[in-house]
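Residue-level structural notes
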Amino acid sequence: MTQRPIYLDGHATTPVDPRVMEAMIPFFTQQFGNAASSSHIYGWESEAAVKQAREILAAAINASPEEIVFTSGATEANNLAIKGVAEAYLDRGRHIVTVQTEHNAVLDPCAYLATLGFEVTVLPVQPNGLVNLDEFEAALREDTVLVSVMAANNEIGVLQPLADIGQRCRERGILFHSDAAQAIGKVPLDVQAMAVDLMSLTAHKVYGPKGMGALYVRRRNPRVTLAPQQHGGGHERGMRSGTLYTPQIVGFAKAVELGLAEMAAETPRLKGLRDYLWARLQVCDGLLLNGHPSQRLPGNLNLSVAGVDGQALILGLRSLVAFSSGSACSSASRKPSHVLKALGRSDDLAYATLRFGLGRFTTAAEIEQVADGVIATITALRSTTQGTPISAPLTEGIGIRPLGWGQDALDAPGVDPGGPFGIHFDRFTNMAIATLVRTQPVEVPPL
Ligand SMILES: *Cc1c(COP(=O)(O)O)cnc(C)c1O
């Protein structure tokens, strides 16, 4: 078998941790009972396992076990939260507030509700990806029933100020939902301190099985009512019918338990690897970090490469490293990522974007290899140009296609905005493009 690329796509999914797998296995073949069967030991065993998993998951977010509703993942949890609240609180109002950088599993249910007559405010974000709290507060109305703001972004890793948002919702009696699919087991979550009323979780981003998730639904202060979106046997207090998938539930809880137990050691390790990769890449000019530099997931690095063709960059790297350009969904539809557009990135920059998600099994040696490969690829793409590079100041009206250069490029660390700029020709379009010239040496701290 040829060597497989290094896996740095941890925001798309993660492998099941062997310890999670081990915890799940008995529940496929031996302890296979239906957790709802109350008349024999097969049922009791499964019920006990589900009860324990519920306790672990509830404790992980400072909730109580009865507030955990198992679902098939975060997509279903988001749909249940958003459509379930909208339908149950019709008499209170029909206005929903969310944010441009949310996952489609939040944006699309909101858009669907808009077709039914709900009004949805989709707030922009600041250039660093964070919600502006004043703008947020100004968007809240008398008839606002629900706010949905994610904990951690799946593309740029940015951590939204949940406690500040929750407090503003609580003061006004507005329900607050947060999609925490990327956050659970990676950063601390506390539904009390953050005043969150509904929280979506998933197992497969935290080394648990795919097809498993949960929705936290607050039971007191306030007690949240949901209109079920799936009707049937009345499981999960009637909010989500369907036989519980015991092996997945056990694996989910084990995965979250491990994530919490290892967070204190794993966070600095991942940050160290991520910051080292970013520092090493600085030998290439014109790299733009997407999202807030520190208020982000420890394993996330998302950067745009100015002055190269996005498609060529991705093709050049994909045998070395498994990564994503924008989100998985937007790479399939080949539209520039809506998250990067919300940050104000041009289409060209959005296409030339590398999203790296480092994880539990990422090693320092792999990061060195990826750094070497990215630097070599960018250098090669920039040198394969037609025409002779010329040196000239970058001024308006010089006939340059700027390929996304903007003030943010000039603000990049180590770039002197008054310094010389190189110009070369883009080999794909045969148009002149500009390259910033670094004026300070790049310092890479040892790993
Ligand atoms: C992955 C992800 C989802 C979808 O979760 P599934 O469990 O795959 O349905 C939703 N929101 C965010 C932020 C995600 O990263």
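Scroll up a little and you will see the structure.
Residues numbered from 1 in each chain as written. Predicted model: local features only at pLDDT ≥ 70, side-chain atom pairs only at ≥ 80, totals over all residues. Heavy atoms only, no water.

1. Section: the overall build of the protein chain
Of the regular secondary structure elements, the protein chain holds 14 helices and 15 strands. Counting over 447 residues, the protein chain shows a buried share of 54%. Taking as baseline every contact in the protein chain between residues at least 6 positions apart, the subset at least 24 positions apart corresponds to 74%. As presented, the protein chain carries roughly 18,800 Å² of accessible surface, and 55% of it is formed by carbon and sulfur atoms. (Helix = DSSP H or I, 4+ residues; strand = E, 2+ residues; numbered from the N terminus. Buried < 20%, exposed > 50% of the residue type's maximum accessible area, 1.4 Å probe, protein only. Contact = heavy atoms within 4.5 Å. Areas by Shrake-Rupley, 256 points an atom, 1.4 Å probe, with all protein chains shown as cover.)

2. Here we look at a nonpolar patch on the surface
On the surface, Phe32, Ile41, Tyr42 and Trp44 cluster together into a nonpolar patch covering about 460 Å² of accessible area. With respect to the helices and strands, Tyr42 occurs in helix H3 (residues 41-60). (Patch = residues over 30% accessible without salt bridge, like charges linked within 9 Å, V, L, I, M, F, W, Y side chains within 5 Å. Salt bridge = Lys/Arg side-chain N within 4 Å of Asp/Glu carboxyl O.)

3. Quick notes on helix H8 (residues 246-281)
The α-helix winds at 3.6 residues per turn, so residues separated by three or four positions along the chain end up facing the same way. The first and last C-alpha atoms of H8 sit only 45 Å apart over 36 residues, clearly below the 52 Å expected at 1.5 Å per residue. At Met263, H8 shows its maximal kink, close to 70 degrees. (Expected span 1.5 Å × (residues − 1). Bend = angle between axes of the 7 residues up to and from the residue.)

4. A short note on the sheet that holds strand S2 (residues 68-71)
Backbone-to-backbone hydrogen bonds pair the strands of a sheet. The strands run either parallel or antiparallel. Ordered by their spatial adjacency, seven strands build an open sheet running S2-S8-S7-S6-S5-S3-S4, and the pairing between neighbours is mixed. Strands with a single pairing partner mark the edges of an open sheet, and in this sheet they are S2 and strand S4 (119-123). Averaged over all neighbouring strand pairs, the angle between strand axes comes to 20 degrees, with direction disregarded. As judged from the three bridges shared by strand S6 (residues 175-179) and strand S7 (residues 198-202), these two strands associate in the parallel manner. From the neighbouring strand, Asp179 faces S7, where its bridge partner is Ser200. Across the face of the sheet, helix H4 (residues 74-88) comes into contact with S2, strand S5 (144-148), S6, S7 and strand S8 (213-217) while running at roughly 165 degrees to S7. (Pairing = 2+ DSSP bridges. Axes fitted to C-alpha atoms, helices over the stretch in contact; angles between N-to-C directions.)

5. Considerations on the site of the ligand
Around the ligand, the neighbouring residues are Gly73, Ala74, Thr75, His103, Met150, Asn154, Asp179, Ala181, Gln182, Thr202, His204 and Lys205. At a separation of 2.6 Å, an oxygen atom of the ligand approaches a polar side-chain atom of Thr202. At 2.7 Å, a side-chain N or O of Lys205 approaches an oxygen atom of the ligand. Summarising the interface, the protein chains cover 87% of the accessible area of the ligand, which totals 380 Å² for the free molecule. Residues belonging to the shell around the ligand are distributed by class as follows: three nonpolar, seven polar and two charged. (Near = heavy atom within 4 Å. Polar contact = N/O pair within 3.5 Å; in protein donor to acceptor, adjacent residues only side chain to side chain. Nonpolar A, V, L, I, M, F, W, Y, C, P; charged D, E, K, R; others polar.)

6. As for the pairing of S6
Most of S6 is tucked away, with five of its five residues classed as buried. In the sheet, S5 pairs with S6 via three bridges, with the strands oriented parallel. Within S6, the residue paired with Leu146 across the bridge is Leu175. Once the chain exits S5 it traverses helix H7 (residues 162-172) before rejoining the sheet at S6, and the crossover so formed is right-handed. (Right-handed = clockwise from strand over helix to strand, strands pointing away.)

7. A short note on the packing of aromatic side chains
The description of an aromatic ring pair rests on the distance of the ring centres and on the angle between the ring planes. Tallied over the full model, the rule gives three aromatic pairs. When the ring of Tyr207 is compared with that of Phe361, the centres are 5.8 Å apart and the planes differ by 85 degrees; the resulting orientation is edge-to-face. A residue pair is termed long-range when its members are at least 10 positions apart, and Tyr207 in the loop between S7 and S8 and Phe361 in the loop between strand S12 (353-357) and helix H13 (364-383) qualify at 154 residues. Since its relative accessible area comes to 8%, Tyr207 is described here as buried. On the accessibility criterion, Phe361 (44% relative accessible area) is partly exposed. Geometry around Tyr112 places Lys83 over its ring, the cationic atom sitting 5.2 Å from the centre. Between the NZ or CZ atom of Arg94 and the centre of the ring of Phe118, over which it lies, the distance is 6.0 Å. (Phe/Tyr/Trp six-rings, centres within 6.5 Å; stacked < 30°, edge-to-face > 60°. Lys NZ or Arg CZ within 6 Å of the ring centre and 35° of its normal.)

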